[in-house]
Amino acid sequence: MKRTFSKPEKFSIYRNRVFEEINILGIGSLGIVAIISVFIGAVITIQSAFNFINPLVPIYAVGCAVRDSMILEFSPAIISLILAGKIGSSVASEIGTMRITEQIDALEIMGVNSASYLIQPKIIACVVFSPIIVIFSMFLGILGGYVFGLLTGVVTNYEYIIGITYNFRPYNVVYALIKSGVFAFIIASVPAYHGYYTSGGSLEVGRSSTKGVVYSSVLILAFDLILTQLLLA
Amino acid sequence: MIIGESGSGKTVLIRCMVGLNDIDAGEVLFDDRNFYDLSFHSKKEIRKEIGMLFQGGALFDSKTVEENVVFPLSMFTDLSEDEKRERANFCLQRVNLTNANRLFPSELSGGMKKRVAIARAIAVQPKYLFCDEPNSGLDPKTSIVIDNLIQEITEEYNITTIVITHDMNSVIEIGDKILFIYNGTKGWEGSKQEILKTDNKEVQDFVYATKFMKELKTKF
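The model shown is predicted, which means the values in this text are computed figures rather than measured ones.

A. Spatial organisation of the overall build of chain B. On a plain count of helices and strands, chain B comes out with ten helices and eight strands. The C-alpha radius of gyration computed for chain B amounts to 18 Å, which stays within 12% of the reference 17 Å derived for 220 residues, consistent with globular compactness. Seen through its principal axes, chain B has C-alpha atoms that stretch 60 × 40 × 30 Å. Sequence-distant contacts, at least 24 apart, represent 62% of the contacts inside chain B between residues at least 6 apart.

Dropping the structure here:
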């Protein structure tokens, strides 16, 4: 960790690396995040509408349910779990392959701090870009719920808008962004660690990739619980 | 030149020399500077004087040939983009590799990869060049081309080159001082003229392992 966050050899190269990683890890993930968020928003809308059968529960509660589900849990935590699979396996296998093909040794021989050069830009890119992904996911999830709610007729335009604005707490978004920052750090650092310490051949690269995804997923769930207790309780 | 059977410890030795493996005992001296006694910063400074040719080339997969050669220049020099490109092209021409600048390592043959790796190693004008089995996986003709290139560059840039190999053709072709490693220890040391005449049994078994070499021995 100390080596990873040591001073870069050349700031301009590291800055370019961060932009490259934002493009690969961040922008490259927007497609899958968009698809999942829209459909989950739609499913929450339909499920909520069919479960709110008590006449005392107003139908605009559907909008509240979609909004709070997306903001509090789905966009920060579930999207992070999905990204742990996508980004985590990519990071671990990329760095693991570099290790077994001696590319990391080549960096070290040149006098480059390989841990810092390879891992630091990935962590920075993930942490910096995670709020954008989370807000993007929240927006698309709520929009998906709105569109599919109207298309299926389970909720009206007026009721849904009332629902998503009713008793809205901006702090929930702050809570989601804090969580997503911590999860983004885990998503980049844990698989990078497993990739960096890969030894052997292609089989071990696969194992490192699996370990990276599993451990980062478990850590995300654990930190989800801890942060929820700390920030919301 | 460091020679020896597979598993005798040649690669471990060279990795210890360049600081990729830690040592249990002894010293690694670069112009009287003991590498393992130095601070992290000083080690990095020595590493900037080292070029290394890895067995598989160790080219960066995500970068083109030109970007691979430019990389150490970008990291450790303040040259402009044009100057870096000029230097990279010079190094690539020096290893007889033209018109490959935009290719990726996956598009190169084994011999071309080795040449790019040499070009990358000499880009920052190292004082020491370490080569880990530069001929592995190459045909005899390409092997000689790589051997000669290493020798020419060594003489041209006046650098100290240490080559690990188990290829006797290379030893005869470019060997100057030869160190034979046996079971992780120094088994023999001498010149290429001496190695053909030595009485050391392990060295004899190694040098004359092939039928061809045995026949040569009986003829001369």
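More follows now that the structure is in view.
B. The arrangement of the packing of helix H2 (residues 30-51) of chain A against helix H3 (residues 61-100) of chain A in detail. Residue and element names in this part refer to chain A. Between H2 and H3, the shortest axis-to-axis distance is 10 Å and the interhelical angle comes to 145 degrees. For the pair H2 and H3, the sense of crossing is right-handed. Listed contacts from H3 to Ile32, Val33, Ile36, Ser37, Ile40, Gly41, Ile44, Thr45, Ser48 and Ala49 of H2 are Val62, Ala65, Val66, Ser69, Met70, Phe74, Ser75, Ile79, Ile82 and Lys86. Grouping the constituent residues of the contact of H2 with H3 by class yields 13 nonpolar, six polar and one charged.

C. Fine view of the interface of chain A and chain B. Counting from both sides, the interface comprises 13 residues of chain A and, opposite them, 15 residues of chain B. Top contributing element to the side of chain A that touches chain B by residue count: helix H4 (residues 103-110) of chain A, with six residues. Grouping the constituent residues of the side of chain A that touches chain B by class yields five nonpolar, three polar and five charged.

D. Expanded view of the nonpolar core. Ranked by size, the top nonpolar core spans 108 residues in total, and within it Cys126 and Ile187 of chain A together with Met52, Val69 and Ala119 of chain B carry the most contacts. Tallying contributions element by element places H3 of chain A first for this core, with 15 residues. In this structure methionine 52 of chain B touches Ala106 and Ile109 of chain A together with Val18, Ala121 and Phe130 of chain B, once residues within four positions along its chain are discounted.

Basis of the calculations
- Residues numbered from 1 in each chain as written.
- Chains lettered and ligands numbered in written order.
- Predicted model: local features only at pLDDT ≥ 70, side-chain atom pairs only at ≥ 80, totals over all residues.
- Helix = DSSP H or I, 4+ residues; strand = E, 2+ residues; numbered from the N terminus.
- Rg over C-alpha atoms; globule rule 2.2 N^0.38 Å.
- Contact = placed C-beta atoms within 7 Å.
- Axes fitted to C-alpha atoms, helices over the stretch in contact; angles between N-to-C directions.
- Left-handed = near helix turned anticlockwise from the far one by under 90°.
- Nonpolar A, V, L, I, M, F, W, Y, C, P; charged D, E, K, R; others polar.
- Core = buried A, V, L, I, M, F, W, Y, C linked by C-beta atoms within 7 Å.
- Buried ≥ 20, exposed ≤ 12 C-beta atoms within 10 Å, placed from the backbone.

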